[in-house]
Structures are given as C-alpha cells and as structure tokens.
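For reference, the chains in residue letters:
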Amino acid sequence: MTPDLILSLFDALGMFVFGLSGGLMAVRQRFDLLGVIIIAFLPAIGGGTLRDILLDQPVFWLEDVRILYIPTLAGLAAFFAPRLFSRIRILKWIDAAGLALFAVVGASKALDLGYGLGICVLMGTMTATAGGLIRDVVCNETPLLLRQDIYATAAIVGAAAFVIARTNGLGELAALSIGAALCFIVRAISLRFKLNLPLPKVGE
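Since the model is a prediction, treat every value here as computed from it, not as a measurement.

1. Points about the nonpolar core
Step number 1: Within the largest apolar cluster, 42 residues are counted, with the highest numbers of intra-cluster contacts made by Phe10, Met15, Ile45, Leu99, Phe162 and Leu176.
Step number 2: Considering each element in turn, this core owes the most residues, ten residues, to helix H5 (residues 88-112).
Step number 3: Counting twelve residues, the second largest nonpolar core, distinct from the first, contains Val17, Ile39, Ile94 and Cys139.

2. Remarks on the packing of aromatic side chains
Step number 1: With the rule as written, the count across this model stands at three aromatic pairs.
Step number 2: Centre to centre, the rings of Phe79 and Phe80 are 5.0 Å apart; their planes meet at 80 degrees, and the pair counts as edge-to-face.
Step number 3: A residue is classified by how much of its surface remains accessible, and Phe79, at 30% relative accessible area, is partly exposed.
Step number 4: Of the residues examined, Phe80 reaches a relative accessible area of 59% and is grouped as exposed.
Step number 5: When the centroid spacing of 6.2 Å and the interplanar angle of 45 degrees are considered together, the rings of Trp93 and Phe184 count as tilted. Of the two residues, Trp93 is situated in helix H5 and Phe184 in helix H8 (residues 172-193); the sequence distance between them amounts to 91 residues.
Step number 6: Classification of Phe184 as partly exposed rests on a relative accessible area of 29%.
Step number 7: We note Arg192 situated over the ring of Phe193; from NZ or CZ to the ring centre the distance is 5.3 Å.

Definitions and cut-offs
- Residues numbered from 1 in each chain as written.
- Predicted model: local features only at pLDDT ≥ 70, side-chain atom pairs only at ≥ 80, totals over all residues.
- Heavy atoms only, no water.
- Core = buried A, V, L, I, M, F, W, Y, C linked by side-chain atoms within 4.5 Å.
- Buried < 20%, exposed > 50% of the residue type's maximum accessible area, 1.4 Å probe, protein only.
- Helix = DSSP H or I, 4+ residues; strand = E, 2+ residues; numbered from the N terminus.
- Phe/Tyr/Trp six-rings, centres within 6.5 Å; stacked < 30°, edge-to-face > 60°.
- Lys NZ or Arg CZ within 6 Å of the ring centre and 35° of its normal.

The following block contains the structure:
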C-alpha cells in the first residue's frame, strides 16, 4: 500500500469511530435522527477542519465531499443499532480509538508539510481533541479534554511517537501503527486504573 492510501485508511477509520462516539452520545441524550447525525459530524471532522485552516491547507472534506458519507453512516449506525453499544463504558473505548487514529493522522499531515516536532504534535493533538471538545460542549457534557482523565496527554504521546519514528526512517504504516498504539495504550491504562494528571492544591 502507498503512504497516501495508508493515511487515508487511518483517516477514514478515525472519522467513523469518532462519528460513532458522537452519535452514541446524541442517542444517549435522546436527540432525533438529524440531531444524531449532526453530532456525529462534530468529532469526525471538527478537529481536522481546524487543523487544515491553521495550516493554510484546503479543508479536507471540501476537496472531496464523499468523505461526509463516513460520519453520516456512523450517525446512522449509532441511531439504528444503539443496543450494540448499550454500555456507556464502551463509548470511552470507542473515543480512545478515535483519539489514537486522529493523533497520528494530524501529525502526519503537518510532517508532510515540513513542520518540526512541536507543530506536528500540536496539530496531531488538535486533530484528535478539538472535535470531541465541540461535541461535548454542544451535548452539555463536561469535555473529556478538561477532565482529570489523561486524554490530550495520550494524543501528545502518540503524535510525538509517530513523528520520532517517521523521522528516524520507519515506514508510514509502521510509524502510524506505533503512534496510534501508544496513544491508545496510554489512554486505556488511564481508564483501566483511573489515573489522572495532578490537580492544584487549593487552600493549602
């Protein structure tokens, strides 16, 4: 497979997974069919849209509107088969998978434009978290990004691992896989063992 095809597959899978997470959240809050599909769009394309604007690149879904079928299908899957995802905990694992995929996709796009480690990690983290932040705000949920959970930190680790692997000669598929796997593992460990970043010691 060519590097472009590999990246496109990771991107498409990330959009579907994040779209599913948005759709499930909307179903849980009893939105109607249109509402579920709209909420599915927010995490699926929100972060990538912001990334492309900041990088002064054509917005990815405006170049190929067929991409929008992916979050639409994810929203429909969430609406018509919610029992498949009935346990609320599964939403966190689906979201973790989307986080991992988008962290490396965003970093890869910045790296291809010639940016260094810092900007690549920033773009990867933004791609992975900005859309979910918008989803949570619209659904009146406390954003995952702002909770104690290790969330954006996992995206930073995954994006950085991808860039380091890629710049040290690893192929696109290997680097994407390493970065995504590390991001997912860090997020999974934080969920499994309820690990959090330190909080300020107020009043001491």
